[in-house]
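Listed below are the residues making up each chain.
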Number of protein chains: 2
Amino acid sequence: MHSLNNLIIEFYDKLSSWELSVVKDTGYSLAQVHTIEVLGSHGPMRMKELADRLGITTGTLTVQVEKLVQLGLIVRTPHEVDRRSILVELTSEGTALHKHHNRMHLQLTEDITRHLDPESIKVLTQSFEKMNREF
Amino acid sequence: MHSLNNLIIEFYDKLSSWELSVVKDTGYSLAQVHTIEVLGSHGPMRMKELADRLGITTGTLTVQVEKLVQLGLIVRTPHEVDRRSILVELTSEGTALHKHHNRMHLQLTEDITRHLDPESIKVLTQSFEKMNREF
DNA sequence: TCCAAATAACTTGATAATCAAACTAATAAA
DNA sequence: TTTATTAGTTTGATTATCAAGTTATTTGGA
């Protein structure tokens, strides 16, 4: 258990470094790409929910979103029922950035699992499913 | 492979959120705890190496380190052979913070793996070893 | 129904984190 | 021994962040 713990920490650390270098290549900031990631994988959402997912306040997010709108990556649309809220969603350019980032991730996954046999991949997948459920 | 990729991304995302909330409880910033983490798990090191591991410039690190020294978490000692360099290392208080954070991690690992059978744990551990080697 | 409380987003003012570039001191290489 | 490189710091500017206050809207009692 102790060694597994250390391996997870090391895995997380290496993934963070990889993410940082990949993001730097895009020319956007880590916070910006992270925002695009969340919108890309979960779809349009309100400011409040987005802020919660990103772990920042709505005040901070207002500024971030303003910049991403100017960059043409996202758009703000009024919420259909709740007029206090606005929905944030990706533009086609934002979607393209998300897809590009996703391809990078997929390539990484292929790279780091290339020495795993099919049975291990299967167990690994099931284990991740179970672990993700426990957070 | 595609689903495993998504599971890894989700795992990373949840781990990030967990880390953020755990760090917030300590009263220190994410950057500060991260610095302590690196020093705690790899031992004393030069500014340059520490900056590289953290993914920041030495200019930024100089400011960070100064604050951590004032907080009593780390100390600067001259490098024995290279007089351009200084070694950064944890104080006993810094070590205590690292140990505390490590215990949190261990607890998390125990929590998220509690529904995995011994054989899966074994395969999972071996898989992480192989994946970490490929980064 | 109507008003108080809660919620969503934004704004403002302050602080922390970051970088690039310039600088100093020391080492390495020619 | 010069010259080039490296380590760390400083400076000036920019970005990210928060807490607190503001406005508009919704919700939940009385």
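Residues numbered from 1 in each chain as written. Chains lettered and ligands numbered in written order. Predicted model: local features only at pLDDT ≥ 70, side-chain atom pairs only at ≥ 80, totals over all residues. Heavy atoms only, no water.

The name given to chain A in an unreviewed UniProt entry is Transcriptional regulator, and the organism recorded there is Shewanella litoralis.

**Let's talk about helix α4 (residues 58-70) of chain A**
All names here are of chain A. In plain terms, the rule: Numbering of helices and strands runs from the N terminus, with a helix taken as a DSSP run of H or I at least four residues long and a strand as a DSSP run of E at least two residues long. A helix is expected to span 1.5 Å multiplied by its residue count minus one. Under the scheme applied here, a residue whose accessible area is under 20% of the maximum for its type counts as buried, over 50% as exposed, and between as partly exposed, the area being computed with a 1.4 Å probe on protein chains only. The arc under discussion is defined with respect to the helix axis, by the directions toward the C-beta atoms.
Taking 1.5 Å as the rise per residue, α4 with 13 residues should run 18 Å; its terminal C-alpha atoms sit 18 Å apart, in good agreement. For α4, the complete set of buried residues consists of Leu61, Gln64, Val65 and Leu68. Taken down its axis, α4 places every buried residue within 100° of arc, on the same side. Opposite its buried face, α4 presents the exposed residues Val63 and Gln70, each directed more than 90 degrees away. Just past α4, the residue glycine 72 takes up positive phi, approximately 80°.

**Some points on the sheet that holds strand β3 (residues 86-90) of chain A**
Residues and elements named next belong to chain A. What counts is decided by this rule: When DSSP finds at least two bridges between two strands, those strands are taken to pair.
The three strands lie next to each other as β1-β3-β2, forming an open sheet whose pairing is antiparallel. Edge positions in the open sheet fall to β1 (45-46) and β2 (74-78), since each of these has one partner strand only. One ladder, built from five bridges, connects β2 with β3; its direction is antiparallel. Each residue of the ladder has a partner; that of isoleucine 74, found in β3, is leucine 90.

**Description of the relation of the copies chain B and chain A**
Related by rotation about an axis and a shift along that axis, the two copies of the chain form a pair. Applicable threshold: When the copies are overlaid, the least-squares fit takes in C-alpha atoms only where the residue has pLDDT of at least 70 in both copies.
With an RMSD of 0.0 Å, the operation that places chain B on chain A is a rotation of 180° combined with a shift of 0.0 Å along the axis. Taken together, the rotation and translation relating the two chain copies correspond to the operation of a two-fold axis. For chain B, the minimum C-alpha distance to the rotation axis belongs to Leu124(B) and amounts to 2.9 Å.

**Quick look at the nonpolar core**
Keep this limit in mind: Residues grouped as a nonpolar core are buried Ala, Val, Leu, Ile, Met, Phe, Trp, Tyr and Cys residues, joined through side-chain atoms within 4.5 Å. Residues count as neighbours in contact if any of their non-hydrogen atoms are within 4.5 Å of one another.
Phe128(A) and Phe128(B) are the most contacted members of the largest nonpolar core, which has 30 residues in total. Residues in contact with Phe128(A), not counting those within four places in the same chain, are Leu4(B), Leu7(B), Ile8(B), Phe11(B) and Phe128(B).

**Description of the environment of His2(B)**
Residue and element names in this part refer to chain B. Secondary-structure assignment places histidine 2 in helix α1 (residues 2-26). Taking the relative accessible area as the measure of exposure, histidine 2 reaches 52% and is therefore exposed. Put simply, histidine 2 and lysine 122 are 120 residues apart on the chain and 23 Å apart in space, counted from C-alpha to C-alpha.

**What about the interface of chain B and chain A?**
The figure often quoted for interface size is the accessible area lost as the parts come together. This is how it is decided: Here the quantity called buried area is the total loss of accessible area, with a 1.4 Å probe, experienced by two parts when brought into contact, counted for both. Every case where a carboxyl oxygen of Asp or Glu lies within 4 Å of a side-chain nitrogen of Lys or Arg is listed as a salt bridge.
Between chain B and chain A, the residue contacts involve 46 residues of the former and 46 residues of the latter. Taking both partners together, chain B and chain A bury about 4800 Å²; carbon and sulfur atoms supply 70% of that area. If you look at where chain B meets chain A, you find two salt bridges. In this structure, Arg114(A) and Glu134(B) form a salt bridge, with 2.8 Å as the shortest nitrogen-oxygen distance.

**Points about the packing of aromatic side chains**
Put simply, the rule reads: Two rings from Phe, Tyr or Trp (for Trp, the six-membered ring) form a pair when their centres sit within 6.5 Å of each other. Planes less than 30 degrees apart are called stacked, planes more than 60 degrees apart edge-to-face, and all others tilted.
Scanning all chains against the criterion turns up six aromatic pairs over all chains. Where Phe11(A) meets Phe128(B), the ring centres are 5.0 Å apart and the plane angle is 70°; that geometry is what we call edge-to-face. One end of the pair, Phe11(A), is in helix α1 (residues 2-26); the other, Phe128(B), is in helix α6 (residues 118-134), on a second chain. Comparing Phe11(A) with Phe128(B) shows no difference in burial state: the two are buried. A centroid spacing of 5.9 Å and a plane angle of 75° characterise the contact between Phe135(A) and Phe11(B), whose relative ring orientation is edge-to-face. Taken together, the residues Phe135(A) in the segment after α6 (118-134) and Phe11(B) in helix α1 connect one chain to another.

**Concerning the sheet that holds strand β1 (residues 45-46) of chain B**
Judged by pairing direction, the sheet is antiparallel, and its three strands sit side by side in the order β1-β3-β2 (chain B) without closing on themselves. Both edges of this open sheet fall to β1 and β2 (74-78) of chain B, since each of them pairs with a single strand only.

**Points about the UniProt feature "domain: HTH marR-type" (unreviewed entry) in chain A**
The condition is simple: UniProt positions are given in the numbering used here, feature names are shortened, and annotations may be inferred rather than shown by experiment.
UniProt's entry tags residues 1-133 of chain A with the feature "domain: HTH marR-type" (unreviewed entry), counted in the numbering of this structure. Helix and strand shares over residues 1-133 of chain A are 72% and 9% respectively, and the end C-alpha atoms of the span are 19 Å apart.

**Considerations on the protein's contact with DNA strand C**
The cut-off we apply is this: For this description, a residue counts as near a given molecule or strand if any of its non-hydrogen atoms is within 4 Å of it. Whenever two N or O atoms come within 3.5 Å, that pair is a polar contact, provided that in protein one can donate a hydrogen and the other can accept it, and provided that, for residues adjacent in sequence, both atoms are side-chain atoms. The nonpolar class holds Ala, Val, Leu, Ile, Met, Phe, Trp, Tyr, Cys and Pro. Asp, Glu, Lys and Arg form the charged class, and all remaining residues, Gly among them, are polar.
Among the 21 residues in the neighbourhood of DNA strand C, the closest are listed as Lys48(A), Arg84(A), Ser29(B), Thr60(B) and Gln64(B). Of what DNA strand C places within 4 Å of the protein, 81% of the atoms are sugar or phosphate. Within the side chain of Arg46(A), an N or O atom sits 3.2 Å from a phosphate oxygen of DNA strand C. Elements represented by at least two residues in the surface near DNA strand C include exactly α3 (47-54) and α4 of chain A together with α4 (58-70) of chain B. With three residues, the top contributor of residues to the surface near DNA strand C is α4(B). Here the residues of the surface near DNA strand C sort into five nonpolar, eight polar and eight charged.

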